[in-house]
Amino acid sequence: MTPTPELSFIHRFKPASNPGRPPLLLLHGTGGNEDDLLHLGRMVSPGSAQLSPRGKVVEDGMPRFFHRLSEGVFDETDVRRRANELADFVIDARKTYGLAAPIAIGFSNGANIAAAMLQLRPEILAGAILLRAMVPLQDPPAVDLSGKPVLILSGASDPIVPADNAKRVASVLRAAGAVVEHRMLPAGHGISEADVTLARTWIDQL
Ligand code: MLT
């Protein structure tokens, strides 16, 4: 087995078996790890290279991508710091593995750090699929996301993400120029079959 090169995040890397497909940056939810979304990534975009880091913040033993003060209340200084740290990791990993800019697939906390990266380091991602995202920054800097494709899939009965908060993620990114498709699914916080189908269809038409 080839050892994982020393980069700033513990991660998994799976090379592309179909180089025509976009590389994926897989960002897990609270309590997940670098293995969590590999299967989802394969279902959404078979043959894509996969780069899957583990969040460095640990809350009660659960890995995350940034600190929060309570559920849904974020330490925004940390969101900014961690989004930049993750962006730097992506740059280094792209050099190490010879990758194009990836499409992020983020779930929950992973979707929130992906949304923050779009707002703080827009050049890092070629696009993003945000599953159950919330607004990561109350006062984000002005950013140009012209033409950046973003799919947001929210759950109508999500007990963690209020519907108006999910809609706000879509409108903030759209206002910055991103090409946003936002769907409200008959689902809760967990990923459903419909998420996989919609994400696959969306990525196929990029
Ligand atoms: C967050 O903390 O990023 C959100 O509340 C979602 C989650 O529970 O991870």
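Everything below is about the structure printed above this text.
Residues numbered from 1 in each chain as written. Predicted model: local features only at pLDDT ≥ 70, side-chain atom pairs only at ≥ 80, totals over all residues. Heavy atoms only, no water.

Caption draft 1: How the structure looks around the pairing of strand 10 (residues 149-155). The element strand 10 is extensively covered by neighbouring structure, given that seven of its seven residues are classed as buried. Burial along strand 10 is two-sided: the face carrying Pro149, Leu151, Leu153 and Gly155 and the face carrying Val150, Ile152 and Ser154 are both buried. Pairing between strand 9 (residues 127-131) and strand 10: four bridges, direction parallel. Residue pairing in the sheet places Ala128 in a bridge with Val150 of strand 10. Relative to strand 11 (residues 179-185), strand 10 runs parallel, the two sharing seven bridges. When the sheet's bridge partners are listed, Ile152 is paired in strand 11 with His182. Crossover connection from strand 10 via helix 4 (residues 163-175) to parallel strand 11: handedness right-handed. (Buried < 20%, exposed > 50% of the residue type's maximum accessible area, 1.4 Å probe, protein only. Helix = DSSP H or I, 4+ residues; strand = E, 2+ residues; numbered from the N terminus. Pairing = 2+ DSSP bridges. Right-handed = clockwise from strand over helix to strand, strands pointing away.)

Caption draft 2: Fine view of the sheet that holds strand 9. Overall, mixed pairing links the seven strands, which are arranged 1-3-2-8-9-10-11 in an open sheet. A strand with exactly one partner marks an edge of an open sheet, and here the two such strands are strand 1 (11-14) and strand 11. Here the average twist between neighbouring strands, direction ignored, is 10 degrees. Bridge count between strand 2 (residues 24-27) and strand 3 (residues 50-53): two bridges; the pairing is parallel. Looking across to strand 3, one finds that Leu25 is bridged to Leu51. (Axes fitted to C-alpha atoms, helices over the stretch in contact; angles between N-to-C directions.)

Caption draft 3: Main features of empty space enclosed by the protein. Within the structure shown, the criterion is met by one cavity of 30 Å³ or more. In this structure, the largest cavity occupies an estimated 40 Å³ of space. Along the walls of the largest cavity sit Leu40, Val44, Ile105, Ile129, Leu131, Ile191, Asp195, Val196 and Ala199, which together make up its complete lining. If one sorts the elements of the lining of the largest cavity by residue count, helix 5 (residues 193-204) sits on top with three residues. Considering only residue class, the lining of the largest cavity consists of eight nonpolar, no polar and one charged. (1 Å grid on protein atoms, 1.4 Å probe; cavity = no way out; pocket = protein on both sides within 12 Å on 5 of 7 lines; lining within 4 Å. Points joined across faces, edges and corners; volume = space filled by probe spheres on them. Nonpolar A, V, L, I, M, F, W, Y, C, P; charged D, E, K, R; others polar.)

Caption draft 4: Spotlight on the site of the ligand. What surrounds the ligand is the set Thr30, Arg64, Phe66, Arg68, Gly72, Phe74, Ser108, Asn109, Asn112 and Ile160. Contacts to the ligand include Ser108, whose side-chain N or O atom sits 3.4 Å from an oxygen atom. At 2.8 Å, a side-chain N or O of Asn112 approaches an oxygen atom of the ligand. Protein coverage of the free-state accessible area of the ligand, which is 260 Å², stands at 96%. Here the residues of the shell around the ligand sort into three nonpolar, five polar and two charged. (Near = heavy atom within 4 Å. Polar contact = N/O pair within 3.5 Å; in protein donor to acceptor, adjacent residues only side chain to side chain. Areas by Shrake-Rupley, 256 points an atom, 1.4 Å probe, with all protein chains shown as cover.)

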